[in-house]
Amino acid sequence: MMLDAINALPADAFVACYGALFEHSPWVVERAAALRPFADLHAGLMQALDAASAEEKLALIRAHPELAGKAAIDKTLTEASTAEQASAGLDRLTPEEFARFHELNAAYRATHDMPFIICVRLTDKAGILAAMEARAANDTTTEVATALAEIGKIVKLRLDDMA
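Everything quoted here is computed from the prediction, not taken from an experiment. Along each chain, numbering runs from 1 in the same order as the chain's sequence is written. Where totals are concerned, whole chains, interfaces and linings use all residues; where local detail is concerned, this predicted model gives features only for residues with pLDDT of at least 70, and gives and counts side-chain atom pairs only at 80 or more. Think of the side-chain values as coming from all heavy atoms in the structure, minus any hydrogens and water.

### Comments concerning the overall build of the protein chain
Next, step 1: Note on conventions: DSSP H or I runs of at least 4 residues are helices, E runs of at least 2 residues are strands, and numbering of each starts at the N terminus. Assigned secondary structure in the protein chain consists of 10 helices and 0 strands.
Next, step 2: Going residue by residue from the N terminus, the α and β elements of the protein chain occur as α-α-α-α-α-α-α-α-α-α.
Next, step 3: Buried residues are those whose accessible area, probed at 1.4 Å on protein chains only, stays under 20% of the maximum for their type, while exposed residues exceed 50% and partly exposed ones sit between those limits. When each of the 163 residues of the protein chain is scored for burial, the buried share is 43%.
Next, step 4: Throughout, a contact is declared for two residues whenever any of their heavy atoms are within 4.5 Å. Long-range pairs, those at least 24 residues apart, make up 67% of the contacts in the protein chain between residues at least 6 apart in sequence.

Structure representation (structure tokens):
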């Protein structure tokens, strides 16, 4: 869809089309609808996210599943998250790798009270594990900012998939 057509969509149609870009958080797209017209759709969506409160941003981060976590095991990930985690090989972990992900997820959540967020489509399981280990020592403020930047990358790739 061309940008002019996207900008002309009624708000409910805009949300219906793009509401799933942000994991279980259509409110970001609802707010973005009011900011149109956009010169760049991704930038407009991120502008809506940037304007959100700290609590809302944290809620968005917490709406994301843990990598290779319970939702993946239970097959309750969104279709997009399932494909993204599979692209990094997280659906084919050895028992040792799975245990390591579980351990790092738990440690990260205990430290930061949120799931570890990374754009898995831009790396592989070794890169994800290295990032989990490296970022574990960061302060939570840094990790919130990093998680939001990673969400921006995820949304960009999801938009590219729609084009």
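From this point, the narrative continues.
### Considerations on the packing of aromatic side chains
Next, step 1: A pair of Phe, Tyr and Trp rings is counted when the ring centres sit within 6.5 Å of each other, with Trp represented by its six-membered ring. The angle between the planes then sorts it: under 30 degrees is stacked, over 60 is edge-to-face, the rest tilted. Inspection of the entire model under this criterion finds 3 aromatic pairs.
Next, step 2: The interplanar angle of 50 degrees and the centroid separation of 5.3 Å between the aromatic rings of Phe14 and Tyr18 together place this pair among those described as tilted. Highlighted residues: Phe14 and Tyr18, both in helix α2 (residues 11-18), separated by 4 residues, approximately one helical turn. Each member of the pair Phe14 and Tyr18 is classed as buried.
Next, step 3: Seen in terms of ring centroids, Tyr108 and Phe116 are 5.2 Å apart; in terms of plane orientation they differ by 90 degrees. Their pairing is edge-to-face.
Next, step 4: Here Phe116 falls in the buried class, since its relative accessible area comes to 1%.

### Side note on the nonpolar core
Next, step 1: By nonpolar core we mean a set of buried residues, namely Ala, Val, Leu, Ile, Met, Phe, Trp, Tyr and Cys, connected to one another through side-chain atoms within 4.5 Å. Core analysis: the largest hydrophobic core is formed by 46 residues, its most contacted members being Phe14, Tyr18, Phe22, Leu45, Phe101 and Ile128.
Next, step 2: Every element with two or more residues in this core is listed here: α2, α3 (27-33), α4 (41-50), α5 (54-62), α8 (95-112), α9 (125-135) and α10 (140-162).
Next, step 3: Broken down by element, this core gets its largest block of residues, 7 residues, from α10.
Next, step 4: Setting aside chain neighbours within four positions, we find Phe101 in contact with Leu67, Ala68, Leu90, Leu93, Lys125, Ile128, Leu129 and Met132.

### Section: the state of the cysteines
Two cysteines form a disulfide when their sulfur atoms are joined by a covalent bond.
Next, step 1: When the sulfur atoms of two cysteines come within 2.5 Å, that pair is taken as a disulfide. In this structure the tally under the stated criterion is 0 disulfides.
Next, step 2: Not engaged in a disulfide, the cysteine Cys119 finds its nearest cysteine sulfur in Cys17; these two sulfurs lie 20 Å apart.

### Observations concerning the environment of Ile154
Next, step 1: Along the chain, Ile154 falls in helix α10.
Next, step 2: Expressed as a C-alpha distance, the spacing of Ile154 and Thr78, which sit 76 residues apart in the sequence, is 13 Å.
Next, step 3: Ignoring sequence-local partners within four residues, the contact set of Ile154 consists of Glu84, Ile117, Ile118 and Cys119.

### Side note on the pattern of salt bridges
Next, step 1: Each salt bridge in this description consists of a side-chain nitrogen of Lys or Arg and a carboxyl oxygen of Asp or Glu lying within 4 Å of one another. For the coordinates displayed, the defined rule picks out 13 salt bridges.
Next, step 2: Salt-bridge contacts for Arg31 lead to Glu56; the nearest nitrogen and oxygen are separated by 2.4 Å. Placement of Arg31 in helix α3 and of Glu56 in helix α5 is noted, with a sequence separation of 25 residues between them.
Next, step 3: The network of salt bridges with shared partners includes Glu23, Glu84 and Arg158.

### Considerations on the side chain of Lys57
Next, step 1: If you trace the backbone, Lys57 turns up in helix α5.
Next, step 2: No salt bridge is formed by the buried Lys57. Its closest oppositely charged neighbour is Asp50, at 5.2 Å.
Next, step 3: Two N or O atoms form a polar contact when they lie within 3.5 Å of each other; inside protein one atom must be a possible hydrogen donor and the other a possible acceptor, and for residues adjacent in sequence the pair counts only when both atoms belong to side chains. Engagement of the side chain of Lys57 in a polar contact is seen with the backbone oxygen of Asp50, the distance being 3.2 Å.
Next, step 4: Aside from chain neighbours lying at most four places away, what touches Lys57 is Leu49, Asp50, Ala52 and Leu148. In this tally Asp and Glu are treated as negative and Lys and Arg as positive; neither His nor the chain ends contributes.

### Quick notes on helix α7 (residues 79-87)
Next, step 1: Looking only at α7, the buried set comprises Ser81, Glu84 and Gln85. Viewed end-on, α7 has its buried residues packed into an arc of 95 degrees, placing them on one side of the element.
Next, step 2: One or two residues past the end of α7 sits Gly89, with phi positive at roughly 85 degrees. In this description, the arc belongs to the directions extending from the helix axis to the C-beta atoms.

### Here we look at α2
Next, step 1: Along α2, the positions that sit buried rather than exposed are Phe14, Val15 and Tyr18. Each buried residue of α2 lies within a common arc of 95 degrees when the element is viewed along its axis, so the set occupies one face. Turned more than 90 degrees away from the buried face of α2 sit Asp12 and Ala16, all of them exposed.
Next, step 2: In the core, the buried residues of α2 are packed alongside α1 (3-8), α3, α4 and α10.

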